[in-house]
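# Chain and residue survey
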Amino acid sequence: MSNDTQVTWLTQEAHDRLQAELDELSGEGRAEIARRIEAAREEGDLKENGGYHAAKDEQGKIEARIRVLTNLLKHATVSEAVFDGTVEPGTVVTAVIAGDESTFLVGSREIVAEGSDLTVYSPVSPVGAAIVGLKAGDKATYTAPNGKEIAVEVVKIERYEP
C-alpha cells in the first residue's frame, strides 16, 4: 500500500450519501449496465454498434467511480467538524488571496452538497496547507505552482454546515 494515501475528512451526512451512491453503483448500476451491454450485443456487429460502445464507455465510468468511492470511504475520517476558531478541514474560510477576497471550504469536494458552487481547497493544496491552523487575522504566504509567492490573509472562519 502506498504512503501517499490521503485521508479525507467527511461529515456523517456526506459519508452516508457517498455510501448510498457506492451501494447503488455496485448493485443496480452494474446490473443495469450489464443489461444494456447484453441488449446491444444482441443487435449484431459490435464494430459499428454505437449502443454497445456507449454502454461499454458507461461501464468504464461506473467502475472508475466505484473505485474512487471505495478508496475514499476506506480512508475517510468521519466526524463533525471541530471548530475552535482555527482553519481546519470542514471550515468555510473567507480570505484575501493575492489581493482578492474569496470564500471557500477547506476539505474535500465530496462533502459539499450537490448543487453547491462553493469552491473547495484540499488541506494539502498549497493554499490549504498555508492556512490550516491559522485564525482570523493571521497572514501567511504559499508558493504557487508557477513559483510565485502569494500572500493570503484569513478574514473569517466558520464551521461548514451542509
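Quick caveat: nothing in here was measured; it's all calculated off a predicted structure.

This part takes up the packing of aromatic side chains. Any two aromatic rings considered together are summarised by their centre-to-centre distance and by the angle between their planes. Inspection of every chain in the model, using the stated rule, returns one aromatic pair. Ring centres 4.7 Å apart and planes at 85° place the aromatic pair phenylalanine 104 and tyrosine 121 in the edge-to-face group. Of the two residues, phenylalanine 104 sits in strand β4 (residues 100-106) while tyrosine 121 sits in strand β5 (residues 119-121), which places them 17 residues apart along the sequence. With relative accessibility at 27%, the residue tyrosine 121 sits in the partly exposed group.

What follows is about the sheet that holds strand β6 (residues 139-143). Here five strands make up an open sheet; going across it, the order is β5-β4-β3-β7-β6 and the pairing mixed. Each having just a single partner strand, β5 and β6 make up the two edges of the open sheet. Ignoring strand direction, the axes of neighbouring strands in this sheet form an average angle of 45°.

This paragraph deals with the environment of glutamate 80. Inspection of the secondary structure assignment puts glutamate 80 in the loop between β2 (76-78) and β3 (91-97). In this structure glutamate 80 comes out as partly exposed when scored by relative accessible area, which is 46%. Taking the C-alpha atoms as reference points, glutamate 80 and threonine 11, 69 residues apart in sequence, are found 5.5 Å from one another. Discounting residues that sit within four places of it in the chain, glutamate 80 has contacts with Trp9, Gln12 and Arg159.

Let us look at helix α1 (residues 12-41). If you check α1, its first and last C-alpha atoms are 42 Å apart, about what 30 residues at 1.5 Å a residue would give, namely 44 Å. Along its length, α1 reaches its greatest deviation from straightness, about 40°, at glycine 29. Of the positions making up α1, those classed as buried are Ala14, His15, Leu18, Leu22, Leu25, Gly29, Ile33, Ile37 and Ala40. Contacts made by the buried residues of α1 are with β1 (8-10), α2 (50-74) and β2.

Let's shift gears to the pattern of salt bridges. Applying the stated rule across the entire model yields seven salt bridges. Taking the shortest distance from any N to any O, the salt bridge between arginine 17 and glutamate 13 comes out at 3.4 Å. You can see arginine 17 and its partner glutamate 13 sitting in helix α1, four residues apart, about one turn around the helix. You can call arginine 17 partly exposed: its relative accessible area is 27%. Arginine 35 is the partner of glutamate 28 in a salt bridge, and the nearest nitrogen-oxygen pair spans 2.5 Å. On the basis of relative accessibility, which here comes to 40%, the residue glutamate 28 falls in the partly exposed class. For arginine 35, a relative accessible area of 44% corresponds to the partly exposed category. The network of salt bridges with common partners includes Glu28, Glu32 and Arg35.

Within the largest apolar cluster, 24 residues are counted, with the highest numbers of intra-cluster contacts made by Leu10, Leu18, Leu73, Leu105, Ile111, Val112 and Tyr160. When contributions to this core are tallied by element, the ones reaching two or more residues are β1, α1 and α2. Beyond its immediate chain neighbours, meaning those up to four positions away, leucine 73 contacts Leu10, His15, Leu18, Gln19 and Leu22.

This brings us to the UniProt feature "domain: Transcription elongation factor GreA/GreB N-terminal" (unreviewed entry) in the protein. The residues that UniProt annotates with the feature "domain: Transcription elongation factor GreA/GreB N-terminal" (unreviewed entry) are residues 9-78. Annotation note: span residues 9-78, helix share 79%, strand share 7%, distance between end C-alpha atoms 6 Å.

The rules behind the values
- Residues numbered from 1 in each chain as written.
- Predicted model: local features only at pLDDT ≥ 70, side-chain atom pairs only at ≥ 80, totals over all residues.
- Heavy atoms only, no water.
- Phe/Tyr/Trp six-rings, centres within 6.5 Å; stacked < 30°, edge-to-face > 60°.
- Helix = DSSP H or I, 4+ residues; strand = E, 2+ residues; numbered from the N terminus.
- Buried < 20%, exposed > 50% of the residue type's maximum accessible area, 1.4 Å probe, protein only.
- Pairing = 2+ DSSP bridges.
- Axes fitted to C-alpha atoms, helices over the stretch in contact; angles between N-to-C directions.
- Contact = heavy atoms within 4.5 Å.
- Expected span 1.5 Å × (residues − 1).
- Bend = angle between axes of the 7 residues up to and from the residue.
- Salt bridge = Lys/Arg side-chain N within 4 Å of Asp/Glu carboxyl O.
- Core = buried A, V, L, I, M, F, W, Y, C linked by side-chain atoms within 4.5 Å.
- UniProt positions renumbered as here; feature names shortened; annotations may be inferred.

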